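Summary of the model geometry
Read off the chains here:
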Amino acid sequence: MTLEPGLYHLLTISTGLFFIGVYGFLTRKNLVTMLMSIELILNSVNLNFIAFNKYLWPHRLDGVFFTLFVIAIAAAEAAVAIAIVINIYRNNRSINVEQTEEMKY
Amino acid sequence: MTGNQIIFYLLALLTLGSAVLAVSTRHIFRAAVFLLFALMGMAGLFFWMNYAFIAAVQIVVYVGGITVLIIFSIFLTQETGEKLPQQLWSRRFIAALASFCALAFTLTQIFQHTFNASKQTAIEVSVQQIGLQMLGTNQYGYALPFELISILLLAAMIGCIVIAIRLKPTS
């Protein structure tokens, strides 16, 4: 591993970001903070796509398109998730996952 | 170290540091602001790689859209200024251990693998190229996924309205 930034450095950053998101998803109990962890995970995937496009397939643009589609899906997912969170808060007065157990049984 | 390297490592430090703080702080509003900085660092990395269009989309959609949405939902659902309850020490330890083991495994796999770059000449990533290919219907065109995404966004928009609407109680 050299000092000059390259593909491996970018993959290291995106792997670190992915598992930071996984750690947040496992430890948080609040629905909004869990959503933030999911955003971090999706972003690390974007960095992967762009790095592969830049260093491995510089003659094509596929990574750029996949990144654009991932960003669009992340925006739709965040909007739906926040609508659900606000609805849960209206019914339960709390957005803690441990108190969201209406569908448990 | 050249300026290129210094900028890269600063951006990497900003991204990873704010991501760690975003998942570990107990003030929910601070977590949202650290998430904002992490997303800005990602946009900086895209600029560093010369993908200016992706960086602009990242800033517009993530920093301008999703983070503001998250902050609004925090205001609507949370008493600001109150700390989140402390998690169990064992749960945090086990989550950190699992994440770290998976991280180490993935990194060893990545560093043992040699990637084969294509030998063809690179093309310039301009907005014109992206637009022509995204709406193209020829071999490498992305017109069909583009239309699918637009239907998905419409469905998500209608779904949000249906989920979050409050019906008046019928007497």
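What counts, and where the lines are drawn
Residues numbered from 1 in each chain as written. Chains lettered and ligands numbered in written order. Predicted model: local features only at pLDDT ≥ 70, side-chain atom pairs only at ≥ 80, totals over all residues. Helix = DSSP H or I, 4+ residues; strand = E, 2+ residues; numbered from the N terminus. Axes fitted to C-alpha atoms, helices over the stretch in contact; angles between N-to-C directions. Parallel < 35°, antiparallel > 145°, perpendicular 65-115°, else oblique. Contact = placed C-beta atoms within 7 Å. Nonpolar A, V, L, I, M, F, W, Y, C, P; charged D, E, K, R; others polar. Domains from an automatic or database assignment. Core = buried A, V, L, I, M, F, W, Y, C linked by C-beta atoms within 7 Å. Buried ≥ 20, exposed ≤ 12 C-beta atoms within 10 Å, placed from the backbone. Expected span 1.5 Å × (residues − 1).

For A:Thr2, the location among the structural elements is in the segment before α1 (7–27). Along the chain, A:Thr2 and A:His59 lie 57 residues apart, while their C-alpha atoms are 25 Å from each other.

Let us look at the packing of helix α3 (residues 62–92) of chain A against helix α3 (residues 52–77) of chain B. When two helices pack together, their arrangement is captured by the angle between the axes and the distance separating the axes. One way to put it is that α3(A) packs onto α3(B) with a least axis distance of 11 Å and a crossing angle of 5°. On the basis of their axis angle, the class for α3(A) and α3(B) is roughly parallel. For the pair α3(A) and α3(B), the contacting residues are A:Val64, A:Thr67, A:Leu68, A:Ile71, A:Ala75, A:Ala78, A:Ala79, A:Ile82, A:Val85, A:Ile86 and A:Tyr89 in the first and B:Ile54, B:Val57, B:Gln58, B:Val61, B:Gly65, B:Ile66, B:Leu69, B:Ser73, B:Leu76 and B:Thr77 in the second. Considering only residue class, the contact of α3(A) with α3(B) consists of 16 nonpolar, five polar and no charged.

On to the interface of chain A and chain B. At the junction of the two partners, chain A supplies 57 residues and chain B supplies 67 residues. Element by element, the count of residues in the side of chain A that touches chain B is highest for α3(A), at 20 residues.

What follows covers the domain arrangement of chain B. Taken domain by domain, chain B comprises domain 1 (9–82) and domain 2 (123–171). Each of domain 1 of chain B and domain 2 of chain B has a C-alpha centre, and the two are 23 Å apart.

Grouped together as the largest cluster of nonpolar side chains are 59 residues, with contacts concentrated most on A:Val32, A:Met36 and B:Phe46. Counting only elements with at least two residues in this core, the list comes to α1, α2 (31–55) and α3 of chain A together with α1 (3–24), α2 (28–48) and α3 of chain B. Here the element with the most residues in this core is α2(B); it accounts for 12 residues. Setting aside its immediate chain neighbours within four residues, B:Phe46 contacts A:Ile50, B:Tyr51, B:Ile54, B:Ala55 and B:Gln58.

Here the focus is α2(A). Over its 25 residues, α2(A) extends 37 Å from the first C-alpha to the last, a length consistent with the 36 Å expected when each residue adds 1.5 Å. Judged by how many residues are buried, α2(A) sits mostly within the fold: 19 of 25 residues are covered.

Take the packing of α3(A) against helix α6 (residues 143–164) of chain B next. The contact between α3(A) and α6(B) brings their axes to 9 Å, and the two run at 10°. One element, α3(A), and the other, α6(B), form an angle in the roughly parallel class. On the side of α3(A), the interface is formed by A:Phe69, A:Ala72, A:Ile73, A:Ala76, A:Ala79, A:Val80, A:Ala83, A:Ile84, A:Ile86 and A:Asn87, while α6(B) contributes B:Pro145, B:Ile149, B:Leu152, B:Leu153, B:Ala156, B:Gly159, B:Cys160, B:Ile163 and B:Ala164. Looking at the contact of α3(A) with α6(B), its residues break down into 17 nonpolar, two polar and no charged.

This paragraph deals with unusual backbone geometry. Residue and element names in this part refer to chain B. The backbone of Asn50 shows a phi angle near 70°, a positive value even though the residue is not glycine. Relative to the elements of secondary structure, Asn50 occurs in the loop between α2 and α3. For Asn50, a count of 11 C-beta atoms within 10 Å corresponds to the exposed category.

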